[in-house]
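# Residue-level structural notes
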Amino acid sequence: MAKVFTVVFLLLNALGLAVGIKLDGNGYTDILIAINPAVPENKELITQIKEMITSGSEYLFQALNNIVFFKEVNILVPPTWYGTYEKAIRETYEKANVIIDQPNPEFGDEPYTKQMKGCGEEGEHIHFTPDFLLEDHFLNTYGPRGKVFVHEWAHLRWGVFDEYNKRKPFYLSGKQIEATRCIRDISGKRFKVTNGKHVPCVDDVETGLPTEGCLFFPDREQETSASIMYMQSLDSVKAFCSVEEHNTEAPNMQNEKCDYKATHTVIFQESVDSDALNTLTPLQSSPPAPIFKLIQRQHRIVCLILDVSGSMQENERLLRLQQAATLFLSEIVEKGAHVGIVQFSTKADIVSPLTEADDKASRDSLIRKLPKTASGKTNMCTGLQLGFEVLRKDDGSTNGDEVIFLTDGEATDKVEDCLQLAVNSGAIINTIALGPTASNVLKTMANLTDGKFILANQTLLSNQLVEAFSFFSMSDGDLTKQTIQLVSTGKTTADWFNGTVPIDRTVGNSTTFTIIYERSTPTVYIESPSGQVYNQAHITENTATKMITLNIPGTTEPGDWKYSFLNKPTNAQSITLTVMSRAAHEDVPPITVNAKTNQPTSDGSKPMVVHADVRQKYLPVLGAKVMATLESDTGHSEHLYLLDNGAGADSFKDDGVYFRYFTKFKTGRYNLKVHVTSKDGDISLSPRRYSGALYVPGYIVNGELELNPPKPPIKVQPADVGNFTRTATGESFVVIIPPDVPQPNFPPNRVTDLSAEIQEDTVLLNWTAPGEDYDQGTAKSYEIKWSESLETLQKNFSSANPLNTSALQPQEAGLVEQHSFLPDIPVQNGTTLFFALRSEDKGAIKSEVSNIAGAKKFVPGSRPAEILNPGLNLSTIVISICVVAVVVSLIVAVIRWAIKLKKTGGFLLETELV
């Protein structure tokens, strides 16, 4: 088996992933922009998208010294838009690099990029709103759209971060106040604006920084050409901040996440394109304009290609297929989808031609045609070829169509012969490996056709095959149409199987309870939160497939639903429960869970990273309990609690994305399942925002402040959705540890959240404890170094000053560590110290050096009086001097007048003046 896995592993790495942005020579291709169905049809929107990318390509070409540009872009329009568009092939909404949708409630019309990984790693997607693209008043506050797109592209593609900080807009450099920016050469002034009027900023004596509400207004005319990641709206800004220009003092996300490295450095040394960017030859002339293709995906066309070879009779595999496919056809596949069914063994047969699933009758008709017998050999290519024939019946092509291909065995024909056929078909091929002997080529086929690969255990209790079919939904971006799996659970019992299903307020339509039993019909008792009882009189049973279904009419009552299933015979049997539902309201998106790993294959040399994105459309769900179960086809199983704590594998705390390292793997194919529960279902603003373009409140023009229109306030009220639960399946992955290679001994994970603070003469350090093996277990010891030089810690950690950590015993991974000490040297006011650490495990294996934390000593009230009011600019000072001169002249004139009066007898007045 290891030899077969190795062949598949090499093939996957040689062929690479079929989806995603590519760099073809000097031009970026396969960029996918998708418009959400909530956006009204508007041809001008398409025009503005094209203009943004075209001007952005010219700007990018200049910013990166004539190396790269945007070459080919696909724009996926909603299925509801009229017009003549090309048929989408393997482009789907969920794969979009850029989405055009209504505003994120947290950000309004502000452009942003969803980044949830570390420095140099690609982001998830860019989000623009229709208003941002159509309304020209945004041009003054954010700059030309093409420049904004390049700013966001750098987040998305190269994993760099913003060089401003809305929460820390100013910092002290020595004793001088500076705006948080890169580079320092960007000039401007500070004011506080109230009711459209500006006044000088006031400084806080305790911090030395301007009080809340003080803003930095840049000069409209600048001399510097950097930096795009700070303020691309400035006309002079045409480059990324280089190492010579980079401001390492600024408390911004770029410094925090990228260890004080310049954006230009990250792009050329750490990004996904770094190798190519350093080898490409600059073009001698301007590149051509981008090529745009408008594409559209209409109703879903899908063919189930099902294995009915003799081995499917074993271990009730055929019955499991019938149960899972029944649930897919009755509840999961979207209304209006066209479904065909093909079965294959020694030969292949069309079980059902393409049939529209528009009502219960058509769905039931498809269910009745599901295969019921199995025999013969496993000729996979025969089934695939006939499946393509079925798909061609609607329009003569398989481009953009979809396949769900299931088999439990190795192919008896040369499946390699039909791999190229699969790739050339233009169809998306999702594959299910049922059981441990299913062909390893299924992973390759799914990979090469932008499909998904799922490993499913054949046992009833695992319910994995039902979950696999539930995973194969296709969304056009309208989450209210999507079937949400709330619960997937099971139990082997000789009496009662009891539990509770919380139905939250975001779901409730088309709610179904599906019970699958092993041998005999259990007694069903389901009670709503208000006490209404559903029992045998309300269910539909299919004894052939051993399935019981309860459809809750109307919109399901929110709250805790109780269920009890009684196994009447004395012999124990397995019973499973699957609960599904859809959005309760068309204008309220449901809570969803998206589970993934960071790589489709692993050779065991590096840990896998598992994550689950829990949100209500764009709003993150915080404080959930997220459990991932990873089970291999060899029986190895691990449970991981995923965390949103900003440490270990998790790059950002409280963003609704939960992470954990997976280190205890063995050779095999793994199924991924995530179970999410929440007792306090509050949907609220995340404490952090994604990376995005900076809103500029105004500019200094010819020495005067010109204000931009105020940014509309964002008001998001926390939504109490009630208790909720979700069960989600992620794509399966393959681990292939070479023979005779022992289980790797991983180091502790790199600490990424080290922070430092100087309180009087004491330094306080905080961080999250790493583990013995990445974020599992407890490390043995810490090594902490400090320096007054940032460069020392960046380039030569070992040569920095050590701290005595002999008394510092590491805690269990995930707990908060604190360490305070008195420096060996006097720390003067205004001095900045830098700190970094690494940990060591019991095998003396050391972690990577942590992020570098800086701390500045500031004595309250220590700033010189002449800079306590930096809002006074040169003009103000000149005017003040003039006023003083006028007053002095007036006093002198009065005195002279008084003396003259004395000489004429005005003694009383002279006396009073004296």
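Here, every reference points to the structure presented above.
Residues numbered from 1 in each chain as written. Predicted model: local features only at pLDDT ≥ 70, side-chain atom pairs only at ≥ 80, totals over all residues. Heavy atoms only, no water.

## Details of the overall build of the chain
Our working rule: We count a stretch as a helix when DSSP gives it H or I for four or more residues in a row; a strand needs E for two or more, and each element gets its number in order from the N terminus. All radius of gyration figures rest on C-alpha atoms, and the globule criterion is 2.2 Å times the number of residues raised to 0.38. Burial here depends on accessible area, computed with a 1.4 Å probe over protein chains only, as a share of the maximum for the residue type. Under 20% is buried, over 50% is exposed, and the range in between is partly exposed. The criterion used for residue contact is that any of the two residues' heavy atoms lie within 4.5 Å. In this description, accessible areas are obtained by the Shrake-Rupley approach with a 1.4 Å probe, and a residue is regarded as covered only by the protein chains that are shown.
Scanning the chain from terminus to terminus reveals 18 helices and 51 strands. The globule rule puts the C-alpha radius of gyration for 914 residues at 29 Å, and the 32 Å found for the chain is close to it. Dimensions of the chain along its principal axes, counting C-alpha atoms only, are 130 × 70 × 65 Å. Expressed as a percentage of the 914 residues in the chain, the buried residues total 55%. The contacts in the chain between residues at least 6 apart in sequence include a share of 76% that link residues at least 24 apart. Counting only carbon and sulfur atoms, one obtains 53% of the accessible surface of the chain, whose full area is about 38,700 Å².

## Let's talk about the pattern of salt bridges
Selection criterion: Just to be clear on terms, a salt bridge is a Lys or Arg side-chain nitrogen sitting within 4 Å of an Asp or Glu carboxyl oxygen.
Applying the stated rule across the entire model yields 37 salt bridges. Where Glu122 meets Arg157, a salt bridge forms, and the shortest distance between an N and an O atom there is 2.8 Å. Note that Glu122 is positioned in the loop between β8 (112–114) and β9 (125–128) and Arg157 in helix α5 (residues 145–158), a separation of 35 residues in sequence. Taken together, the salt bridges that share partners define one network made up of Glu783, Lys785, Arg838 and Lys846.

## Here we look at the nonpolar core
The condition that has to hold: We call a set of buried residues a nonpolar core when its members are Ala, Val, Leu, Ile, Met, Phe, Trp, Tyr or Cys and they connect through side-chain atoms within 4.5 Å of each other.
Ranked by size, the top nonpolar core spans 68 residues in total, and within it Ile35, Phe128, Trp158 and Phe240 carry the most contacts. Among the elements that take part in this core, helix α2 (residues 43–63) stands out by supplying 8 residues, more than any other. Ile332, Leu370, Val466 and Met580 belong to the second largest nonpolar core, which has 38 residues in total.

## A few points about the sheet that holds strand β13 (residues 197–200)
Filter applied, for reference: For two strands to be treated as a pair, DSSP must find at least two bridges joining them. Helix axes are fitted only over the stretch in contact, all axes being lines through C-alpha atoms; the angle between N-to-C directions runs from 0 to 180 degrees.
If you trace the 3 strands from one edge of the open sheet to the other, you get β13-β12-β14, paired in antiparallel fashion. The sheet is open, and its two edges are formed by β13 and β14 (214–218), each paired on a single side. Between one strand and the next, the sheet's axes are offset by a mean angle of 50 degrees, whatever the strand orientation. Relative to β13, strand β12 (residues 188–194) runs antiparallel, the two sharing 4 bridges. Considered in β13, the bridge of Lys192 is made with Val199.

## A closer look at the environment of Val501
With respect to the helices, strands and loops of the structure, Val501 is situated in strand β23 (residues 496–503). Exposure remark for Val501: the relative accessible area of 0% places this residue in the buried category. In sequence terms Val501 and Glu223 are 278 residues apart; their C-alpha atoms lie 63 Å from each other. Setting aside residues up to four positions removed in sequence, Val501 forms contacts with Val487, Phe513, Gly559, Asp560, Trp561, Tyr563, Leu577 and Val579.

## Things to note about the pairing of strand β37 (residues 657–662)
One face of the sheet, then the other: side chains in a regular strand alternate in exactly this way. Across the 6 residues of β37, 6 count as buried, placing the element largely inside the fold. Strand direction decides the pairing type here: strand β33 (residues 608–616) and β37, joined by 6 bridges, are antiparallel. Within the sheet, the bridge partner assigned to His611 lies in β37 and is Phe659.

## Description of the packing of aromatic side chains
As a reminder of what qualifies: We call Phe, Tyr and Trp rings a pair once their centres come within 6.5 Å, taking the six-membered ring for Trp, and we label the pair stacked below 30 degrees between planes, edge-to-face above 60, and tilted otherwise. Whether a charge sits over a ring depends on NZ of Lys or CZ of Arg being within 6 Å of the ring centre and within 35 degrees of the ring normal.
Taken as a whole and judged by the stated rule, the model has 33 aromatic pairs. Seen from their ring centres, Phe497 and Phe565 are 5.7 Å apart, and the 75 degrees between their planes marks the pair as edge-to-face. A residue pair is termed long-range when its members are at least 10 positions apart, and Phe497 in strand β23 and Phe565 in strand β29 (residues 559–566) qualify at 68 residues. The class of Phe497 is buried, set by a relative accessible area of 4%. The class of Phe565 is buried, set by a relative accessible area of 0%. The interplanar angle of 80 degrees and the centroid separation of 5.6 Å between the aromatic rings of Phe662 and Phe665 together place this pair among those described as edge-to-face. The residues Phe662 and Phe665 share a single accessibility class, namely buried. Linked through ring pairs, Tyr28, Phe70, Phe128, Phe132, Phe138, Tyr142, Phe149, Trp153 and Tyr695 together constitute an aromatic cluster. One residue, Lys257, lies across the ring of Phe652, its end atom 4.5 Å from the ring centre.

## Here we look at the state of the cysteines
Where we set the bar: For this text, the term disulfide refers to a pair of cysteine sulfurs within 2.5 Å.
In the structure shown here, the tally under the stated rule is 4 disulfides. One disulfide bridge connects Cys119 with Cys258, the sulfur atoms lying 2.1 Å from each other. Measuring handedness by torsion sign, the sulfur bridge of Cys119 and Cys258 sits at about 105 degrees and is right-handed. Residue Cys119 is found in the loop between β8 and β9, and its partner Cys258 is found in the loop between α7 (253–257) and α8 (263–269); the two are separated by 139 residues along the sequence. Relative accessible area serves as the criterion here: at 19%, Cys119 is assigned to the buried category.

## Overview of the packing of helix α12 (residues 380–391) against helix α13 (residues 416–425)
Helix packing for two helices is described by the angle between their axes and how far apart those axes are. Operational definition: Throughout, the term roughly parallel applies to angles under 35 degrees, roughly antiparallel to angles over 145, roughly perpendicular to angles from 65 to 115, and oblique to all others. For any pair of crossing helices, the crossing counts as left-handed if the nearer helix is rotated counterclockwise from the farther one by less than a right angle, and right-handed if it is rotated clockwise.
It is the contact of α12 with α13, at a shortest axis distance of 10 Å, that shows an interaxial angle of 20 degrees. Taken together, the axes of α12 and α13 are roughly parallel relative to one another. In this structure, α12 meets α13 at a crossing whose hand is left-handed. Together, Cys381, Leu384, Gln385 and Phe388 of α12 and Cys418, Leu421, Ala422 and Ser425 of α13 make up the contact between the two elements.

As far as function goes, none of this settles anything; it's purely spatial.
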